[in-house]
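Chains, contacts and geometry: an overview
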Amino acid sequence: MPDGKILLRVNPIQFKGTEIWVNKQGAEMRTLEFDAAIFEELKLDGFVEVNPMEFNLYLSGLLE
């Protein structure tokens, strides 16, 4: 995304997750619920799987 990036963690059993929106002003977090089609939808939207370390650094507040 031109203004920032979205980091998303999805629990594949309960279909719940956490989204972190990161931009120049910092990071915002929200909790989400998904349906069973979430992985196909993410692929169609161009999301790619990455190392979870970056997500966890933002989640813990060590990166902004």
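Fair warning: this is a prediction, and the values are worked out from it, not measured in the lab.

Looking now at the confidence of the model for the chain. Confidence in the prediction for the chain averages 92 pLDDT; 98% of positions are at 70 or higher. Of all helices and strands in the chain, the one with the weakest mean pLDDT is helix 2 (residues 52-59) (91), whereas helix 1 (residues 38-44) scores best (96).

With that settled, the discussion passes to unusual backbone geometry. Trans peptide bonds make up most of the peptide bonds, and negative phi angles are found at most residues other than glycine. Non-glycine residue F15 carries a positive phi angle of around 55°. Within the secondary structure layout, F15 lies in the loop between strand 1 (4-11) and strand 2 (16-23). Overall, F15 belongs to the partly exposed group, its relative accessible area being 22%.

Here we come to the pattern of salt bridges. Scanning the entire structure with this criterion turns up two salt bridges. Note that K5 is salt-bridged to E54, the shortest N-O span being 2.4 Å. With K5 in strand 1 and E54 in helix 2, this pair connects stretches of sequence that are 49 residues apart. The partner of E19 in a salt bridge is R30, with the nearest N and O atoms 2.6 Å apart. One end of the pair, E19, is in strand 2; the other, R30, is in strand 3 (residues 26-33), and eleven residues separate them in sequence. Classification of E19 by relative accessible area gives buried; the value is 14%. Owing to a relative accessible area of 47%, R30 belongs among the partly exposed residues under this scheme.

Rules and cut-offs
- Residues numbered from 1 in each chain as written.
- Predicted model: local features only at pLDDT ≥ 70, side-chain atom pairs only at ≥ 80, totals over all residues.
- Heavy atoms only, no water.
- pLDDT = per-residue confidence, 0-100.
- Helix = DSSP H or I, 4+ residues; strand = E, 2+ residues; numbered from the N terminus.
- Buried < 20%, exposed > 50% of the residue type's maximum accessible area, 1.4 Å probe, protein only.
- Salt bridge = Lys/Arg side-chain N within 4 Å of Asp/Glu carboxyl O.

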